[in-house]
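# Geometric and topological summary
Each chain, letter by letter, is given below.
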Amino acid sequence: MSLLEVGNLNVQFHKDGKKIRAVKDLSFHVGEGEIVGVIGESGCGKSTAMRALMGLLGKEADASCGRFCFLGEEGTFSPNKVQKKMAMIFQDPFSYLNPTVKIGKQIEQAVRIHSGGNKKERKQRVCDLLEMAGIRMPKQRMSQYPHELSGGMRQRVVTAIALACNPKLIIADEPTTALDVIVQGQMILLLKRIAKETKAAVLLVSHDFGVIASMCERVYVMKEGTFIEQGTAEEIFYAPQKTYTKDLLKNARRTRIKADATETEEVLLKLSNVTKLYSNRFTQGKAAQKEGVQNISFAIREGETFGLIGESGCGKSTLAEIVTGQKRPDAGEMYYRSFRTDLLKKSARKKYLEKIQMVFQDTCESLNPKMTAGKALMEALRADKRQILTAEERKERAVQILKDVGLTEEDMWKYPKEFSGGQRQRVCIARALIRNPELLVCDEAVSALDVSIQTQILRLLKEIQRRTRIACLFISHDLEVVGKISQNVGVMYLGSLVECGNTQEICTDPWHPYTKQLLECKPDPDPKKARRKKYAPLRERQEKPNKGCPYLGQCGYRMECCEKAAPPRYQFGSRKVACFLYSKEHRKGNTDMPMTSQI
Amino acid sequence: MKKKKNPCLLYGAALLLLWIAAALLVPELSPYTYTGINADIRNQGSSCLHLFGTDKFGRDIFVRVWYAARISLLVGVTGAGINAAFGLLYGSISGYVGGKADFLLMRIADILASIPSLLYVILITLVMGAGVESIIAGICVAGWVDMARIVRGEIIREKGKAYIRAAQMEGIRPLRILFVHLLPNVAGPILVNLTFLVPQAVFTEAFLSFLGVGIAPPSASLGVLIQEAKSQIQLYPYQMLYPMCILCLLILALRLFGRGLENVYGEKTER
């Protein structure tokens, strides 16, 4: 029997006298206790449709529904009234919790509305809910504020609030998108468990095929406001009918973007034991708990793409700032073509660092909203002291570079808000390239983009590399993306580089326990594999240990020596690993044999 | 895009223009002058010859009110202009440079702003003598601090964004980043604040003149007129009523205009 049946759901927005149809004739059903996935790229109307179902649409939206049947009752559909027995988990746990109210109180509010009871009963219920959402020691957690919790914990609190109304249907709108890979895996487990325990149906909305594959029984594929394809997970993933679905799937699977071996032996940038630590309000005075990066060493050769992977907050962006000269390392050495740059004065350092340009993550913020694309490009040229160009020459160069990144001459006079996210990122790349840099630093450059646009941008970067032999430091939290584009890769954990080496080798045969966990946590866009996948057990984010290996708290291979000191880097050929598993003592004599993975 | 109706801006601008036109034209076109004393027609009520009546020296109040309006406007616009320009420069430098310089600059501003502006005006009037210049100087000593704080806040909010970091990495000079890249993006709130600075300055001037530390007679501002009428308020209340109405009208017009601008800016930022 169906829990929810929806027929011909339409949503229109009125803007400036124009009607925009965001959702067109959507019909679907959700069975009891079923996990149904909705997949589509951003802007296709997924969230709008879900908000319409929940009754969360604003006044400017105009929604109608041909048939709306929830809990077996033929109900009347109203887009402005919140449905009972239906709950929603939102994407961004950082903005959906009130930062000034303790989490226990926030959950209690939801409990009071839905089940009432006296203070004691409510408190007990909050405890139960938190426990159900996978939070240990709920009594202590209740008196904490949202900022004291990590992203994954916050998303669990949001889940607990959603569960307060005993929902029959949970709508999860991109519940894992804002989270790190490992936490994402834990969230998938949690949602699965909740669906099983509470017998609630889950309507999971995501753009990530991996997440959908590991959870859903049935899948709807959405494009431009309508479902273009539907079926069981197996049908959609193994035998998609529509070309759109096929393309999406192809982009989601790891397809290495072919790279010509253009790298030479000449080292362009070399970091050796670079350290930069910050102390924040909470860690002031405690030297060991400072955030930042520690003892980072790697080298980028000409024409090479070096990938850098790590969770959010592991110091990737700090490293990007050091490389681009915005920050000065506390210790260690940085060489640019054998010039030592970290000791130079700011003005002298600039001269070398002009050859390094950067592409940022947030496409909205990285372009000046009051400047047209052309103006932004010409500004970049104008500041170039090596070559003085006339206004006419600058314009020519700007048009040329726009064409190089796949835009047209008309785009010169468009403002950033007139571009789509992918186009904006192209403009950003053009702006970085117009100064003829030798090294391009891409800080999460494709993370905010849809999978298909991601692939386009990655192709563009590769194409540019083939033409100009530019080196690239590609920073991302997404192993998939880094695997597609880079030749060498470094894995970071809490400010340390734990493993470093050839991308293919690391992706297929990880040596460091953290790398292994990262690889395992990435949900596969393949339902059979993804469902079998075991995710790391629920663990709370650990503070960085005072001494010893940074990965100590999470590691399944911890030994006595790990607690005493941080492991040094062990080098085997081109591969470097910072783990005691690869120490001489651990190898016990047979040092002649080539080293293999110890895990 | 269809332009939305913005009554605040429309009526504010119309009222303001009308008011400015009157202030500029009335003293020029009228047969009377603001200093012309006529003992025969003292303290007369409104008539066809003297629209607002005459004061205790037989001067035409209509001309005097609009002449005073001119001075009030001059003080208001100049004062606000100087405040805005200095505040903009001070705030943007403080916000953009940041760190210790920012701390030092803002503390200096705090100290300046902590002393009541009345003291500055009295001091300056003592040294420079009463007049338009000393009033403007008095208004400007600490009047820019609010503007500087707003500009600083806006700049700090905006400079953390990636496009400014990109501009810095391109090697664009700091001053150019400040004026070409940053200021256009923070112009909205600053512009709105500017329209609120003008009525503030006008009102301060009127207040100071009313207290007797402003413009010296026979020259007059709206505050002076109100103060002169105070002694006769029981007998001839209209002598105070007219300048007060004109002052209210100006402040209303400027506020409406500012509010209208705020609406326009608010729409623009909504994407």
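This report concerns the structure included in the present document. (Residues numbered from 1 in each chain as written. Chains lettered and ligands numbered in written order. Predicted model: local features only at pLDDT ≥ 70, side-chain atom pairs only at ≥ 80, totals over all residues.)

### With respect to the overall build of chain A
In terms of regular secondary structure, chain A is built from 21 helices and 22 strands. Expected size for 599 residues packed as a compact globule is a radius of gyration near 25 Å; at 26 Å, chain A falls within 12% of this value. With respect to the three principal axes, the spread of C-alpha positions in chain A is 75 × 65 × 45 Å. Split into buried and exposed, the 599 residues of chain A put 45% on the buried side. By sequence separation, contacts in chain A at least 24 residues apart represent 70% of the contacts at least 6 residues apart. (Helix = DSSP H or I, 4+ residues; strand = E, 2+ residues; numbered from the N terminus. Rg over C-alpha atoms; globule rule 2.2 N^0.38 Å. Buried ≥ 20, exposed ≤ 12 C-beta atoms within 10 Å, placed from the backbone. Contact = placed C-beta atoms within 7 Å.)

### Regarding helix α18 (residues 513-521) of chain A
Buried within α18(A) we find A:Pro513, A:Tyr514, A:Thr515, A:Gln517, A:Leu518 and A:Cys521. Buried residues belonging to α18(A) abut α6 (181-198), β13 (305-309), α16 (479-485), β19 (488-493), β20 (496-502) and α17 (503-508) of chain A.

### Re the interface of chain B and chain A
If you look at the interface, chain B gives 15 residues, while chain A gives 22 residues. Put simply, the parts of the chain that give the side of chain B that touches chain A at least two residues each are α6 (162-169) and α7 (174-211) of chain B. Among the elements that take part in the side of chain B that touches chain A, α6(B) stands out by supplying five residues, more than any other.

### Digging into the packing of helix α1 (residues 7-29) of chain B against helix α2 (residues 61-97) of chain B
Residues and elements named next belong to chain B. Closest axis-to-axis distance for the α1/α2 pair is 8 Å, and the angle between their directions is 125°. One way to sum up the angle between α1 and α2 is to call them oblique. By crossing handedness, the relation of α1 to α2 is classed as left-handed. In contact with Ile20, Ala22, Ala23, Leu24, Val26 and Pro27 of α1, α2 contributes Val63, Trp66, Tyr67, Ala69, Arg70 and Leu73. (Axes fitted to C-alpha atoms, helices over the stretch in contact; angles between N-to-C directions. Parallel < 35°, antiparallel > 145°, perpendicular 65-115°, else oblique. Left-handed = near helix turned anticlockwise from the far one by under 90°.)

### A short note on the nonpolar core
Counting 238 residues, the largest nonpolar core has A:Leu169, A:Leu203, A:Leu204, A:Leu377, A:Leu473 and B:Val65 as the members making the most contacts within it. Here the element with the most residues in this core is α2(B); it accounts for 17 residues. What A:Leu204 contacts, discounting residues up to four positions off in sequence, is A:Ile35, A:Val36, A:Gly37, A:Ala172, A:Ile212, A:Met215 and A:Cys216. (Core = buried A, V, L, I, M, F, W, Y, C linked by C-beta atoms within 7 Å.)

So, to be careful, I would describe these as geometric facts and stop short of saying anything about function.
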